[in-house]
Amino acid sequence: PFWLKECCTHRPLACPTCACFAAMSNVPAADLSKEQKDELLCTYAALILHDDGAEVTPQAMTNLIKASGCIVESYWPMLMAKMINNCGMDQLIKMGSGGGGGGGGGGG
């Protein structure tokens, strides 16, 4: 997948401090709060499942996250899967790709 850099010799989800993660964000993963790390893990799990053509379910996300050696609060996969089912993964990817509309006009 495009977001999985080949420089990493670790398991990507289990290695939030490696250079692969650092290159994907303005903030190093080590500086993220627990909630932010949980959300990031769920996001990556959902992208992996989607990329593999698998159904993005809370259980599938939890299984993938656990297999990577990580743990998230149990509500995160449920919330993420619900959002994906409501909006559609392709639409969420488009929204997060930075291709949104221009900024609002200045007041005057």
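Our structure's up above, just so we're on the same page.
Since the model is a prediction, treat every value here as computed from it, not as a measurement.

**Digging into the pattern of salt bridges**
Alright, step 1. Across all of its chains, the model carries one salt bridge by this definition.
Alright, step 2. Across the salt bridge formed by D38 and K34, the nearest N and O atoms sit 2.7 Å from each other. Here D38 pairs with K34, and both are found in helix 2 (residues 34-51), just four residues apart, close to one helical turn.
Alright, step 3. D38 sits in the buried class, given a relative accessible area of 1%.
Alright, step 4. Take K34: its relative accessible area is 42%, and that puts it in the partly exposed class.

**Quick word on the side chain of S68**
Alright, step 1. With respect to the secondary-structure elements, S68 resides in the loop between helix 3 (58-67) and helix 4 (75-87).
Alright, step 2. Its relative accessible area of 8% is what places S68 among the buried residues.

**Observations regarding the side chain of D38**
Alright, step 1. In this structure the side chain of D38 is engaged in a polar contact, spanning 3.2 Å, whose partner is the backbone nitrogen of E73.
Alright, step 2. When near neighbours in sequence (up to four residues on either side) are disregarded, D38 contacts I71, V72, E73 and W76.

**What about helix 4?**
Alright, step 1. Between its first and last C-alpha atoms helix 4 spans 18 Å; for 13 residues at 1.5 Å apiece the expected length is 18 Å, and the two agree.
Alright, step 2. Along helix 4, the positions that sit buried rather than exposed are W76, P77, M80, A81 and I84. When helix 4 is viewed along its axis, its buried side chains cluster within an angular range of 120 degrees and face the same direction. Away from its buried face by more than 90 degrees, helix 4 exposes M78, K82, N85 and N86.
Alright, step 3. Here the buried face of helix 4 lies against helix 2, helix 3 and helix 5 (89-96).

**Concerning the packing of helix 2 against helix 3**
Alright, step 1. The geometry of helix 2 relative to helix 3 is characterised by a closest axis approach of 9 Å and an angle of 110 degrees between their N-to-C directions. Taken together, the axis directions place helix 2 and helix 3 in an arrangement best described as roughly perpendicular. Mapping the contact onto sequence places L41, C42, A45, A46, I48 and L49 in helix 2 and A60, M61, L64 and I65 in helix 3.
Alright, step 2. For the contact of helix 2 with helix 3, a count of residues per class yields ten nonpolar, no polar and no charged.

**Concerning helix 3**
Alright, step 1. The complete set of buried residues in helix 3 reads A60, M61 and I65. Projected onto a plane normal to the axis of helix 3, the buried residues spread over an arc of 130 degrees and lie on a single side. When the buried face of helix 3 is taken as reference, the exposed residues oriented beyond 90 degrees from it are Q59, K66 and A67.
Alright, step 2. Positive backbone phi, at 90 degrees, marks G69, one or two positions downstream of helix 3.

The rules behind the values
Residues numbered from 1 in each chain as written. Predicted model: local features only at pLDDT ≥ 70, side-chain atom pairs only at ≥ 80, totals over all residues. Heavy atoms only, no water. Salt bridge = Lys/Arg side-chain N within 4 Å of Asp/Glu carboxyl O. Helix = DSSP H or I, 4+ residues; strand = E, 2+ residues; numbered from the N terminus. Buried < 20%, exposed > 50% of the residue type's maximum accessible area, 1.4 Å probe, protein only. Polar contact = N/O pair within 3.5 Å; in protein donor to acceptor, adjacent residues only side chain to side chain. Contact = heavy atoms within 4.5 Å. Expected span 1.5 Å × (residues − 1). Arc of directions from axis to C-beta. Axes fitted to C-alpha atoms, helices over the stretch in contact; angles between N-to-C directions. Parallel < 35°, antiparallel > 145°, perpendicular 65-115°, else oblique. Nonpolar A, V, L, I, M, F, W, Y, C, P; charged D, E, K, R; others polar.

Bear in mind that shape data such as this cannot, by itself, settle questions of function.
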